Amino acid sequence: MSKGKNAKYVPAKQSNTMTYVLGGIAVLVVIVVVIGGVLLLSKKEGTPADKAQAAIDKATPSFVLGKADAPTKLTFFEDAYCPACGNMERAYGEQITKAVEDGKLQITFFMLSFLNRQSPSGDYSDRAAGGLLAIAKSSLPEDQKQKAWLGAHTAMYANQPEEGKGDKTNAEIAKVLADGAKAKGVELPADVVSAISEGKYATDAATTAGEGSKLLSEVNSTGTPTVVHNGVKVEVQGDWLTPLLK
């Protein structure tokens, strides 16, 4: 018998089996969407190491030593007054310097000032870092600036005051850094020496130190020296550098 024109459409009742099938499909769709979202979010945020390195790359360092195309890139967190930093320089400085000069290594430096309070003056770390910053901000040609900074950095630790007892005036810091630069064949301009002697960049160095200190938490470190490779803290012991050099 044909249905009337105004007869209502009544859907056929689904079997329990069909209900279960459709319900299962819906659950699978939700699971796929959730997993896809998690994977997309993970890819977007990256690993903890990726996030740490990204934070380092965005920050303003004290200096970047070495060629931009160096195959190995490291980040150093140091304190000019830190005995352990001085020990690292004395133990590995020659190897590090050679790798930099051979174009194999580039180092991004963050000079911190945890130990300011340990120095008799209360601000040696900032003043020494300010001296290095004066070289970084100088008008020296880039190749000369690189040599001067490297020499000054080496000399700074070679003449490091004893923690808790020793200290240096700004004039003494200027002489140490200038002599270090000269040892690498660079005469610091008079205005740079004056800037160091006057402590011109100590405040700027303190600001940079504050920013650098915050980055340490990104690599689960709390002190100096800290060395980072691709966002991961490196254990500085034994022949640690050779495996990293490409």
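This one's a predicted model, so the numbers in the text were calculated from it and none came from an experiment.

## Observations regarding the overall build of the chain
Here's step 1: A tally of helices and strands in the chain yields 8 helices and 5 strands.
Here's step 2: Starting at the N terminus and ending at the C terminus, the chain contains elements arranged as α-α-β-β-α-β-α-α-α-α-α-β-β.
Here's step 3: When contacts within the chain are restricted to residue pairs at least 6 apart in sequence, those whose partners lie at least 24 apart make up 79%.
Here's step 4: Of the roughly 14000 Å² of accessible surface on the chain, 57% is carried by carbon and sulfur atoms.

## Points about the side chain of Glu78
Here's step 1: Relative to the helices and strands, Glu78 resides in strand S2 (residues 72–79).
Here's step 2: Although buried, Glu78 forms no salt bridge, and the nearest oppositely charged side chain, Arg90, lies 11 Å from it.

## Brief notes about the environment of Ala54
Here's step 1: Inspection of the secondary structure puts Ala54 in helix H2 (residues 48–58).
Here's step 2: Along the sequence, Ala54 and Asn230 sit 176 residues apart, while their C-alpha atoms lie 9.3 Å from each other.

## Observations regarding the layout of surface pockets
Rolled over the atoms, a probe as big as a water molecule pinpoints where empty space is left.
Here's step 1: The volume enclosed by the largest pocket comes to roughly 230 Å³.
Here's step 2: Around the largest pocket, the lining residues are Leu65, Gly66, Lys67, Val100, Glu101, Glu142, Asp143, Gln146, Lys147 and Leu150.
Here's step 3: Elements supplying a minimum of two residues to the lining of the largest pocket: helix H3 (83–101) and helix H5 (142–158).
Here's step 4: No other element matches the 5 residues that H5 contributes to the lining of the largest pocket.
Here's step 5: Split by residue class, the lining of the largest pocket holds 3 nonpolar, 2 polar and 5 charged.

Cut-off values and rules
- Residues numbered from 1 in each chain as written.
- Predicted model: local features only at pLDDT ≥ 70, side-chain atom pairs only at ≥ 80, totals over all residues.
- Heavy atoms only, no water.
- Helix = DSSP H or I, 4+ residues; strand = E, 2+ residues; numbered from the N terminus.
- Contact = heavy atoms within 4.5 Å.
- Areas by Shrake-Rupley, 256 points an atom, 1.4 Å probe, with all protein chains shown as cover.
- Buried < 20%, exposed > 50% of the residue type's maximum accessible area, 1.4 Å probe, protein only.
- Lys, Arg positive; Asp, Glu negative; His and termini not counted.
- Salt bridge = Lys/Arg side-chain N within 4 Å of Asp/Glu carboxyl O.
- 1 Å grid on protein atoms, 1.4 Å probe; cavity = no way out; pocket = protein on both sides within 12 Å on 5 of 7 lines; lining within 4 Å.
- Points joined across faces, edges and corners; volume = space filled by probe spheres on them.
- Nonpolar A, V, L, I, M, F, W, Y, C, P; charged D, E, K, R; others polar.

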